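If you want the building blocks of each chain, they are given just below.
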Amino acid sequence: MSRAGPAPEPAEEKTEGLRLRARLRALYHGSSPVAVRFRLAVLTIDLAIIAFFIAAPLLRGEGLIFYIIDYVIAALLAADLAARASAYSNIRDWLKRPIVWMDLFILATLLFPFFFNLGFLRVLRLWTLIHSDFFWRTIGRRYDDTRVEDTTKALVSLITFVFVATGFVYTSFMGRHEGITGYIDALYFTVTSLTTTGYGDIILPGDWGRIVSILIMLGGVTLFVRLGQTLLRPHKVRFPCDQCGLQVHDPDAVHCKACGNLLCIPDEGR
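Conventions and cut-offs
- Residues numbered from 1 in each chain as written.
- Predicted model: local features only at pLDDT ≥ 70, side-chain atom pairs only at ≥ 80, totals over all residues.
- Heavy atoms only, no water.
- Helix = DSSP H or I, 4+ residues; strand = E, 2+ residues; numbered from the N terminus.
- Buried < 20%, exposed > 50% of the residue type's maximum accessible area, 1.4 Å probe, protein only.
- Areas by Shrake-Rupley, 256 points an atom, 1.4 Å probe, with all protein chains shown as cover.
- Patch = residues over 30% accessible without salt bridge, like charges linked within 9 Å, V, L, I, M, F, W, Y side chains within 5 Å.
- Salt bridge = Lys/Arg side-chain N within 4 Å of Asp/Glu carboxyl O.
- Core = buried A, V, L, I, M, F, W, Y, C linked by side-chain atoms within 4.5 Å.
- Contact = heavy atoms within 4.5 Å.
- Polar contact = N/O pair within 3.5 Å; in protein donor to acceptor, adjacent residues only side chain to side chain.
- Phe/Tyr/Trp six-rings, centres within 6.5 Å; stacked < 30°, edge-to-face > 60°.
- Axes fitted to C-alpha atoms, helices over the stretch in contact; angles between N-to-C directions.
- Left-handed = near helix turned anticlockwise from the far one by under 90°.
- Nonpolar A, V, L, I, M, F, W, Y, C, P; charged D, E, K, R; others polar.
- Expected span 1.5 Å × (residues − 1).

Please explain the overall build of the chain as it appears in this structure.
Across its full length, the chain carries 10 helices and two strands. Seen in sequence order, the chain has helices and strands lined up from the N terminus as α-α-α-α-α-α-α-α-α-α-β-β. Among the 270 residues that make up the chain, the fraction classed as buried is 37%. On the chain, roughly 16500 Å² of surface is accessible, and the fraction owed to carbon and sulfur atoms is 64%.

As structure tokens, then:
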């Protein structure tokens, strides 16, 4: 006896699903004015959400309203991730990207705020946003100079580190050490530590406090050095070689340094 297979999906639903995916792909990856305006709106909402994440430690006294905002943001982030997954040509490849997993982790902290004391890591959304192709296809598409992108990423990495470290100090030492009485105290300690100023009026107690202080100082110095390097490094322009595909070249390059192909990089005669 032959076993009946699953009922086929209705043609109308399949066609509608393909149209939706094509529409999302055009909005998230296209270059039309409508797509650019859509991505600008998404980025505006993203930046507002990140601002809320940064201010969240000062708003926790709001009680129920705070958690309502949390779940509204979770719904927006989930919808955005679902739309990005649908717009991507291969969902498996999309899931292999570390930035996607970081966004999924941030979503988990929003969905389960009562079970995770890792809310300070939500600020990582700023890092994932600035390091995404989505951002640079929208905001950075007008910049051919790679120094703008490198400097922006280095600066955002430093800012993200400051707020993540501040959140960790606030979560770990608030109420356990008389010097940390609020979020501003934790921010003050983080900034004075990573700049190696070290006024000494706030010192984290015990061996664990010393280890945290050392990590903040090392991380801050490393990120400051990286930011300085991006500011002083000779800049390059984005101009893909049509022979080997090399993406960046010196502004005055005549030949591709990888394959020797003749280049014609536009300039303004300066």
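Having seen the structure, we can now continue with the description.
Would you explain a nonpolar patch on the surface in this entry?
Residues I45, L64, I68, V72 and L76 make up a contiguous nonpolar surface patch of roughly 470 Å² in combined accessible area. Per element, the largest residue contribution to the nonpolar patch is four residues, and it comes from helix α3 (residues 64-87). Secondary-structure assignment places I68 in helix α3.

So what exactly am I meant to see when it comes to the nonpolar core here?
A general trend in soluble globular proteins is that nonpolar side chains are found buried together. Counting residues in each nonpolar core, the largest one holds 18 residues, and the members touching the most others are F53, I73, L77 and L110. Secondary structure elements with two or more residues in this core: α2 (33-59), α3 and α5 (98-111). Sort the elements by how many residues they give to this core and α3 lands first, with six residues. Setting aside anything within four residues of it in sequence, one finds L77 in contact with D103, I106, L107, L110 and R125. Counting residues in hydrophobic clusters, the runner-up holds 14 residues, among them Y28, A83, I130 and W136.

What is the right way to look at the side chain of S193 in this model?
Along the chain, the position of S193 falls in helix α9 (residues 183-194). Relative accessible area serves as the criterion here: at 8%, S193 is assigned to the buried category. A polar contact is formed between the side chain of S193 and the backbone oxygen of F189, at a distance of 2.9 Å.

Explain the pattern of salt bridges here, please?
Oppositely charged side chains are able to pair whenever their charged atoms sit close together. The tally for this structure, following the rule as stated, stands at nine salt bridges. For the salt bridge of D46 with R125, the shortest nitrogen-to-oxygen distance reads 2.8 Å. Taken as a pair, D46 in helix α2 and R125 in helix α6 (residues 124-130) lie far apart in primary sequence, 79 residues in all. Relative accessible area serves as the criterion here: at 5%, D46 is assigned to the buried category. Within this structure, D46, D80, R84, D103 and R125 form a network of salt bridges that share partners.

Can you walk me through the packing of aromatic side chains in this structure?
Aromatic ring pairs: the centre-centre distance and the angle between the two ring planes describe each pair. Applying the stated rule across the entire model yields seven aromatic pairs. Measuring from centroid to centroid gives 6.3 Å for F52 and F53, while their planes differ by 55 degrees, and the two rings are tilted. Classification of F53 as buried rests on a relative accessible area of 6%. Ring centres of Y170 and Y183 lie 5.6 Å apart, and the angle between their planes is 80 degrees; on these two criteria the pair is classed as edge-to-face. Here Y183 lies in helix α9 and Y170 lies in helix α8 (residues 146-173), a separation of 13 residues in the sequence. By relative accessible area, Y183 is classed as buried at 8%.

Quick question: what am I supposed to make of the side chain of S213 here?
Here S213 lies in helix α10 (residues 206-232). For S213, a relative accessible area of 14% translates into the label buried.

Honestly, the environment of A51 in this entry has me stumped. Any pointers?
Checked against the element boundaries, A51 lands in helix α2. The exposure class assigned to A51 is partly exposed, which follows from its relative accessible area of 44%. A C-alpha to C-alpha distance of 9.2 Å links A51 and L126, two positions 75 residues apart in sequence.

Before we go on, may I ask you to explain the packing of α2 against α3 in this structure?
In contact at an axis separation of 11 Å, α2 and α3 are set at 145 degrees when each is read in the N-to-C sense. In terms of crossing hand, the pair formed by α2 and α3 is left-handed. Each of V42, I45, D46, I49, F52, F53, A56 and L59 in α2 lies in contact with α3, whose residues at this interface are F66, I69, D70, I73, L76, D80 and R84. For the contact of α2 with α3, the class distribution of residues is 11 nonpolar, no polar and four charged.

Where do I start with α9 in this structure?
Given 3.6 residues per turn, any residue in an α-helix points the same way as the ones three and four places further on. Taking 1.5 Å as the rise per residue, α9 with 12 residues should run 16 Å; its terminal C-alpha atoms sit 17 Å apart, in good agreement. Of all the residues in α9, the buried ones are Y183, A186, F189, T190, T192, S193 and L194.

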